[in-house]
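Letter by letter, the chains look like this.
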Amino acid sequence: MINNDVLWQNKIAAWVHDPAEKSLVLFRDPAGHEGGTVATLRKILFPHGISEEINSRIKKADQWASAADRPQFPLDASGGRYQSWAQVRFTEKPQLIHPLSGDRLDIHGGFEDLEPAHLKAISIDHFEELVVRKSEEQINWVATTLAFWRFVPKLPSRELSSLWSLLPADTRVPDHTIWSHLDLTSAFSGAMASDESGMPALLAVSFGPVQDFIAQARSTSDLWAGSHLLSRLAWEGLKVICENLGPDAVIFPQLRGVPLVDVWLQEEMGLDSKWFDSLEWRQHKTDTNPLFAAALPNRFVALVPADKARTLAKAVSDRVREWIRNQGSETVSKLLEVVPGLSNKDQCPAYEQSKKQLADFPEVYWAAVPWSLIKSDSKGRVVATEELAKAMRPFFSKDKEAGFLGSQAWEILSKDIELQGAAFFKPNPGVLYPAVVDLLDRMAAAAKTTRAFGQLPQEGYRCTLCGEREWLTTDRDQLFLSSGERKKKGTLWTEVEKKPAWSRKGEHLCALCSIKRLWPGRFVEWVRRTVDLDINRFVVSTHTMALTPSLKTWLKEQKPLPEWLRGQLVNIDNQTTLPKGLAEQLPKSGEDARLLCRKLPIWLDEVRDKSEESSHEEQFAYLEKRLKEDVFGHKPEAYYGLIMMDGDRMGAWLNASEAKYQLRFIDSWHTQVRDGSKELVSSNKALSDYLYSYRPSSPARHTAISEALNSFAMKLASHVVEDLCTGKLLYAGGDDVLAMVSVDELLPALLLLRMVYSGILPGDNLDEMKSFLGEKRLNMDIGRGYVRHKKQLYRMMGGNATASAGAVVAHHTAPLSMVLRVLRQTEKRAKNIGGRDAFALTLLKRAGGAVELTCPWLFEPKQDQKAESVKVSPMGLLIRMRNAFASPDLSRRSAYQFQDWACKLPDMSLLKDSSYGEMLAVTLSHQFKKQSRGDAAKQRHAALGLELADLATSILSRTGRKKPVDFIIDFIATAEFLARESRIGNKADKGENP
């Protein structure tokens, strides 16, 4: 380890170089922002003073960090002061700017009533509580630095509200936080202190394979395990950086608040456990615990000492491979526990198989770029970039400078800008962060193309899950047995079959697939052992999820159970696991409710299994008829929904590689600065060109993206799926979500996930949205790129960020592997045919055939107007049409009449005539009106017909893939299918809204 007191003293001194409350005391504290909290904390931490060497290094790190994250400001040429318009008093005009969308959030009321002395006292007390000492006079530098990093951004006082975590580093550019700036300054300072020449470098490390490893799954549990296992493995690599340089050295992903990191801080780094007591991962006793979120990606970027980049990269590679080998060995030992009478278990061939199969897993790629490619003078100003440009040229086809070095912003910054009465700064190497990270990305991509391939000899039959490696065995001769011979003679896996959670009938798994299959149980054991939390993992069956709408409808009325059914259910010993939303209703209900909800799915499965074995399907059909007549009032629901959602163009967001994903420099300026500078900007072309050019990537941008994805994966996705909708979150990792929901909740769940991901509320009408989706489905404030939930303000991806989602509705008896394959195809359809920012639905009917619907979300404003209400978006229209078919005012049979009518419409080529679109709208509106009952319903449903015709023609112009008639048929078929009585409840209760 690089661990030494000098390193950690540098980092902790960097952490207190600016006061946390800087934006709140600036221009208000007579002592100045560096004369109050900063001076006091330095006396506490460094009673004998800070060395000139450390002070000099921190000053340099601070300058580089500021330059990497912020646009620059003109100074008054005469006095070296900032122009008056650039002096923003945040307490008087508090404003936050979303770093990814540019939305401005004005904070009403301000903070003027909070006195500077009081603010400083709160801040100093907060820091002092986190100082860790080895003795009365000796500070534990490592523990104190880690405590500051993790807990100083945590709210110290209710007076400051949840905005404490979003306080800006610079009131003029309020798009990145003080915590982001302190992190980056500490990271630069630590890297400079640990390098012989004081030179930092960016190191990128990635692990693979990812998609194939996750996709090799036979169950939802396998999918979760693959995603979570890769996240856990990534943490093993990240831990090398954290141990040596601190977690703030990791630029992406942001590690603060990640539960696995918290466990490390508490269990391995010795931070006081009481600091963690209030956190969710210390309290939740189910798999809604954030520890179960796959929060870490398979790639990270860190600021490291340039001369130790190679050593650290090798240490990361060695650590992750050692960890996975240990997991393999422990998994084999676990499997062998179920084999009776096996002698010499330590000599079992499965251990050697595991060791060989895991020798080169995972694939590890790395690249590093040092700042030594940039030359600066004695004052720290950039004087030469030739070496950096030379390193970049092989990755570009043009001869001229490329990337950030060829951008308009650098062309302006690298020259003297003459201003009227003002001067512009000379850039330091921190400004060139975008060029360094651009070169790093290209080198990392090149590294993946040159990977070495080591062939591993394999014998006999392969793993039944991945088909790539030998299955684990206690006798290598068994590898050549056919499936029938294995069953007859017996193998390790015929014994393991006795534990259904580990192996399904006939499966024989390799080392890697075995690790994945046993990971859920082993991870629960690790949590119980390490965190001392009696935690349980719940797997909701597809049949239980399918029955949920029927059970919810019954719970509303709670009619007495017929004696014949009660007599069957009381004899069932086992209980099924219920979705959280349904389980929470049972304590308020009686014994009949618990019997029906906990045991009916198990009994129906048992009856179906017996019926299929004896070919008595009619017996099961008779039972369903009895349940319809005596219990539910409708046939028990047999379909459930699966959702897969993925953020669009995440690579482009991280790299800010296209204008769509960028903001202009001036868009990041506080409104006062932007308006006050107009005269100066308009009078100088160079300055105007700079401010209106697009900002490249920055550390703060990467932090903002990572924090948004962490909030979504660890906090909000589970809240949407399990609290607001009746579902089960199977995994959430960054922008990826896989969830199982009851079919009646499918559309609301899709819509809410999409809104929360971006933090947008189209139309900005919360009351309308609550009325539309139901009060219980929206207990959050959403808008302007933020979500407020449980008094916590989360900054999400913003209104410019989009996501695509696929959803499948399937019968609970359909093979899950097939359903998952269709789900992946459906999600790809949303991205490819839908053109991203879209959703796609596939209805897999048990009788055969499938209905496919692909639609854009269409949340964006039209012609620079405010975004319209969600109700008039395609998803809103689908929900309203579903409700219309579910209401007593529109017969479901009419859906088939619409489809029959639509098939007779003229050919698509006539669309070139504008009269065709008008004819389509008028005719469709007439058909809806004709099939409705009552004057109000006729008008309402006629309007639905007009909207659907308009949507069908606009879909054609967007995708060019589907005839309007075909789209209309699929849209109506989907709405009608989801409106069936078992899915939506009693028709008599249904109106326009759910």
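Residues numbered from 1 in each chain as written. Predicted model: local features only at pLDDT ≥ 70, side-chain atom pairs only at ≥ 80, totals over all residues. Heavy atoms only, no water.

## Observations regarding the side chain of Asp183
For step 1, the next point in the chain: With respect to the element layout, Asp183 can be found in helix α7 (residues 178–194).
For step 2, the next point in the chain: Assessed through its relative accessible area of 7%, Asp183 is described here as buried.
For step 3, the next point in the chain: Not counting the four nearest positions on each side in its chain, Asp183 is found in contact with Trp15, Trp149, Asp248, Gln254 and Arg256. (Helix = DSSP H or I, 4+ residues; strand = E, 2+ residues; numbered from the N terminus. Buried < 20%, exposed > 50% of the residue type's maximum accessible area, 1.4 Å probe, protein only. Contact = heavy atoms within 4.5 Å.)

## Section: the packing of helix α1 (residues 5–15) against helix α6 (residues 141–151)
For step 1, the next point in the chain: α6 packs onto α1 with a crossing angle of 30° between their chain directions and a minimal axis gap of 9 Å. Here α1 is positioned roughly parallel relative to α6, judged by the angle of their axes. Note that α1 runs across α6; the crossing there is left-handed. Touching Asp5, Trp8, Gln9, Lys11, Ile12 and Trp15 of α1 are Trp141, Val142, Thr144, Thr145, Phe148 and Trp149, all from α6.
For step 2, the next point in the chain: Taken together, the residues of the contact of α1 with α6 sort by class into seven nonpolar, three polar and two charged. (Axes fitted to C-alpha atoms, helices over the stretch in contact; angles between N-to-C directions. Parallel < 35°, antiparallel > 145°, perpendicular 65-115°, else oblique. Left-handed = near helix turned anticlockwise from the far one by under 90°. Nonpolar A, V, L, I, M, F, W, Y, C, P; charged D, E, K, R; others polar.)

## Some thoughts on the side chain of Ser219
For step 1, the next point in the chain: Looking at where Ser219 falls in the secondary structure, it is placed in the loop between α8 (211–215) and α9 (220–245).
For step 2, the next point in the chain: A polar atom in the side chain of Ser219 sits 3.0 Å from the backbone nitrogen of Asp222.
For step 3, the next point in the chain: When near neighbours in sequence (up to four residues on either side) are disregarded, Ser219 contacts Arg504, Leu816 and Leu820. (Polar contact = N/O pair within 3.5 Å; in protein donor to acceptor, adjacent residues only side chain to side chain.)

## Looking at the packing of aromatic side chains
For step 1, the next point in the chain: The full count for this structure, using the stated rule, is 28 aromatic pairs.
For step 2, the next point in the chain: Taking the centre distance of 6.5 Å and the plane angle of 55° together, the rings of Trp564 and Trp603 count as tilted. Taken together, the residues span a long stretch of sequence, with Trp564 in helix α20 (residues 563–569) and Trp603 in helix α22 (residues 591–613) at a distance of 39 residues.
For step 3, the next point in the chain: The class of Trp564 is partly exposed, set by a relative accessible area of 25%.
For step 4, the next point in the chain: Classification of Trp603 by relative accessible area gives buried; the value is 9%.
For step 5, the next point in the chain: Here the aromatic residues Trp224, Phe292, Trp323, Trp519, Phe523 and Trp526 are joined through ring pairs into a cluster of three or more.
For step 6, the next point in the chain: In this arrangement the basic side chain of Arg150 is found over the ring face of Phe151, its NZ or CZ atom lying 5.0 Å from the centre. (Phe/Tyr/Trp six-rings, centres within 6.5 Å; stacked < 30°, edge-to-face > 60°. Lys NZ or Arg CZ within 6 Å of the ring centre and 35° of its normal.)

## Some words on the sheet that holds strand β14 (residues 736–742)
For step 1, the next point in the chain: If you trace the six strands from one edge of the open sheet to the other, you get β13-β14-β12-β18-β19-β20, paired in mixed fashion. Two strands close off the open sheet at either side, each with one partner strand: β13 (727–733) and β20 (850–856). Across the sheet, the mean angle from the axis of one strand to that of its neighbour is 10°, orientation sign disregarded.
For step 2, the next point in the chain: Sheet topology places strand β19 (residues 838–844) next to β20; seven bridges connect them, and they run antiparallel. Along β20, the bridge assignment pairs Leu843 with Val851.
For step 3, the next point in the chain: Helix α19 (residues 542–557) rests against β12 (639–647), β13 and β14 of the sheet, and its axis sits at about 50° to β14.
For step 4, the next point in the chain: Where helix α32 (residues 874–886) meets the sheet, it contacts β19 and β20, and its direction lies at approximately 35° from that of β19. (Pairing = 2+ DSSP bridges.)

## What to know about the layout of surface pockets
For step 1, the next point in the chain: There is about 1,600 Å³ of room inside the second largest pocket.
For step 2, the next point in the chain: At the level of elements, α10 (259–267), α28 (699–724) and β17 (792–795) are the ones that each hand at least two residues to the lining of the second largest pocket.
For step 3, the next point in the chain: For the lining of the second largest pocket, the element with the highest residue contribution is α28, accounting for 10 residues.
For step 4, the next point in the chain: Its residues assigned to classes, the lining of the second largest pocket shows 14 nonpolar, 16 polar and 14 charged. (1 Å grid on protein atoms, 1.4 Å probe; cavity = no way out; pocket = protein on both sides within 12 Å on 5 of 7 lines; lining within 4 Å. Points joined across faces, edges and corners; volume = space filled by probe spheres on them.)

## Brief notes about a negative patch on the surface
For step 1, the next point in the chain: A cluster of acidic residues, Glu92, Glu112, Asp113 and Glu115, forms a negative patch on the protein surface.
For step 2, the next point in the chain: Here Glu92 shows up in the loop between β1 (75–76) and β2 (95–97). (Patch = residues over 30% accessible without salt bridge, like charges linked within 9 Å, V, L, I, M, F, W, Y side chains within 5 Å. Areas by Shrake-Rupley, 256 points an atom, 1.4 Å probe, with all protein chains shown as cover. Salt bridge = Lys/Arg side-chain N within 4 Å of Asp/Glu carboxyl O. Lys, Arg positive; Asp, Glu negative; His and termini not counted. Charge placed at Lys NZ, Arg CZ, Asp CG, Glu CD.)

## What to know about unusual backbone geometry
For step 1, the next point in the chain: In the segment running from Phe252 into Pro253, the intervening peptide bond is cis, with an omega of 5°.
For step 2, the next point in the chain: Among the structural elements, Pro253 can be located in the loop between β5 (250–252) and α10.
For step 3, the next point in the chain: One non-glycine residue, Lys790, adopts positive backbone phi at about 50°.
For step 4, the next point in the chain: Within the secondary structure, Lys790 is located in the loop between β16 (786–789) and β17.
For step 5, the next point in the chain: The exposed category is assigned to Lys790, whose relative accessible area is 71%.
For step 6, the next point in the chain: A positive phi angle, close to 65°, is found at Arg836, a residue other than glycine.
For step 7, the next point in the chain: Structurally, the position occupied by Arg836 is in the loop between α31 (816–832) and β19.
For step 8, the next point in the chain: For Arg836, a relative accessible area of 34% corresponds to the partly exposed category.

## Quick word on the nonpolar core
For step 1, the next point in the chain: Membership of the largest hydrophobic core comes to 151 residues, with the highest contact counts inside it found for Phe148 and Ile241.
For step 2, the next point in the chain: When residues of this core are assigned to their parent elements, the largest contribution, 13 residues, is made by α9.
For step 3, the next point in the chain: One finds Val741, Val787, Val870 and Met875 within the second-largest nonpolar core, a separate group that totals 96 residues. (Core = buried A, V, L, I, M, F, W, Y, C linked by side-chain atoms within 4.5 Å.)

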